[in-house]
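Coordinates in review
These are the residues of each chain, in order.
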Amino acid sequence: AAKRKLSGALLYDPSFDSASSQMLSLLTELRRAVEGNELRLFLQPKVSLVDGTVVAAEALVRWEHPQRGLVPPMQFIPFAEQTGFVRKLTLWMFEEAARLMGDARVQSHPLKISINLSTRDLLDPDLSVRLGSLLQRYGVPATQFCLEITESAIMDDPQRAETTLNRLSEQGFQLSIDDFGTGYSSLAYLKRLPVDELKIDKSFVMGMEKDEDDAKIVRSTIDLAHNLGLSVVAEGVENAVILERLADLSCDEAQGYHISRPLPAEAFLSWRAQRAEA
Ligand code: C2E
Ligand code: CA
Ligand code: CA
Ligand code: CA
């Protein structure tokens with residue numbers, strides 16, 4: 001799967017070996033991106049399907065490359081994972097999000113932020129300590145954050161993932177299983193891990209209007225989550241029909257272009273304020 005992702009990357013060609021100058025230069029560019037302020041934290045709202053309120057937002061990285069323009073994450077995240085650089089990126093996202101929590105507009109109407117963790121993060125025994133000291137520096141409690149983890153990241157090394165996730169959960173972070181239904185998840189792990197939320201993969205949500213099987217998968221996932229006492233979010237909600245069907249199925253929250261595209265943090269805060277007034 002990692003190979004397939006990499007071959008879709010414009011910035012990186014896996015047919016070169018790891019010592020290639022291409023990889024070195026991308027790594028150099030990524031370092032510069034972090035230090036030189038080229039990364040952007042975008043936010044996409046998650047809304048309640050009960051009353052439509054904005055309950056949280058997912059943080060998604062964007063790279064504003066001086067020559068290439070806006071580079072989408074799928075063009076550098078797989079590479080960042082492979083080199084381990086993604087751990088720096090995760091900390092950068094956390095720091096940006098923690099800074100944002102100090103904004104008066106967030107303070108007056110608290111916001112939960114979801115951050116994506118990578119396989120590398122889960123294998124890092126110091127992750128919870130690193131995140132803990134960063135949040136302490138900004139005076140932000142861990143309970144303000146939800147961590148999104150894919151099934152494949154967990155199944156890469158389930159035992160180490162379990163140790164990390166238990167620690168993070170004890171610290172107060174909420175945990176969400178991202179892209180649910182696409183990985184090789186084991187329901188036994190779902191039962192063991194301190195998970196709070198399932199996020200139904202957008203491929204099923206986008207397909208549910210036209211494909212009866214996708215619709216059945218969405219419905220069963222909602223039931224599974226609720227039977228296990230978990231909250232369930234549908235991502236990739238692109239139209240009103242799907243939004244309504246999800247509400248009928250008692251899905252808890254929705255996220256998708258129909259509600260809003262991911263926005264720069266500033267634009268997100270204006271969007272939220274306007275929506276609250278409407
Ligand atoms: P993801 O975590 O599954 O994030 C959801 C992706 O779906 C985002 O793509 C989002 O823009 C897109 N999306 C949201 N609503 C819709 C919709 O209605 N229709 C469609 N077609 N797409 C929708 P994005 O931002 O390009 O990110 C792609 C992936 O890159 C993410 O998938 C995640 O795996 C990774 N990623 C992004 N930011 C970060 C980050 O800060 N750290 C890590 N480790 N990974 C990240
Ligand atoms: Ca995610
Ligand atoms: Ca997802
Ligand atoms: Ca996905």
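Residues numbered from 1 in each chain as written. Chains lettered and ligands numbered in written order. Predicted model: local features only at pLDDT ≥ 70, side-chain atom pairs only at ≥ 80, totals over all residues. Heavy atoms only, no water.

- As recorded in an unreviewed UniProt entry, the protein chain goes by EAL domain-containing protein and comes from Curvibacter cyanobacteriorum.

Remarks on the coordination of the calcium ion (ligand 4)
- Taken together, the protein donors to the calcium ion (ligand 4) comprise Asp179 (OD) and Asp201 (OD), at separations of 2.6 to 2.8 Å.
- The metal-metal distance between the calcium ion (ligand 4) and the calcium ion (ligand 3) is 3.7 Å, with Asp179 coordinating both. One end of the pair, Asp179, is in strand β6 (residues 174–180); the other, Asp201, is in the loop between β7 (197–200) and α11 (202–207), with 22 residues separating them in the sequence. (Donors = N, O, S within 2.8 Å, 3.2 Å for Na, K, Ca; no water. Helix = DSSP H or I, 4+ residues; strand = E, 2+ residues; numbered from the N terminus.)

Some remarks on the site of ligand 1
- Near ligand 1, the surroundings consist of 23 residues, among which Gln44, Arg62, Asp178, Glu238 and Tyr257 are the closest.
- Asp178 is positioned such that a nitrogen or oxygen atom in its side chain is 3.0 Å from an oxygen atom of ligand 1.
- Between Asp179 and ligand 1, the recorded distance is 3.3 Å, taken from a side-chain N or O atom to an oxygen atom.
- Burial of ligand 1 by the surrounding chains reaches 87%, relative to a free accessible area of 800 Å².
- Looking at the shell around ligand 1, the elements that each hand over two or more residues are β2 (54–65), α4 (86–101), β6 and α11.
- Tallying contributions element by element places β2 first for the shell around ligand 1, with four residues.
- Grouping the constituent residues of the shell around ligand 1 by class yields twelve nonpolar, four polar and seven charged. (Near = heavy atom within 4 Å. Polar contact = N/O pair within 3.5 Å; in protein donor to acceptor, adjacent residues only side chain to side chain. Areas by Shrake-Rupley, 256 points an atom, 1.4 Å probe, with all protein chains shown as cover. Nonpolar A, V, L, I, M, F, W, Y, C, P; charged D, E, K, R; others polar.)

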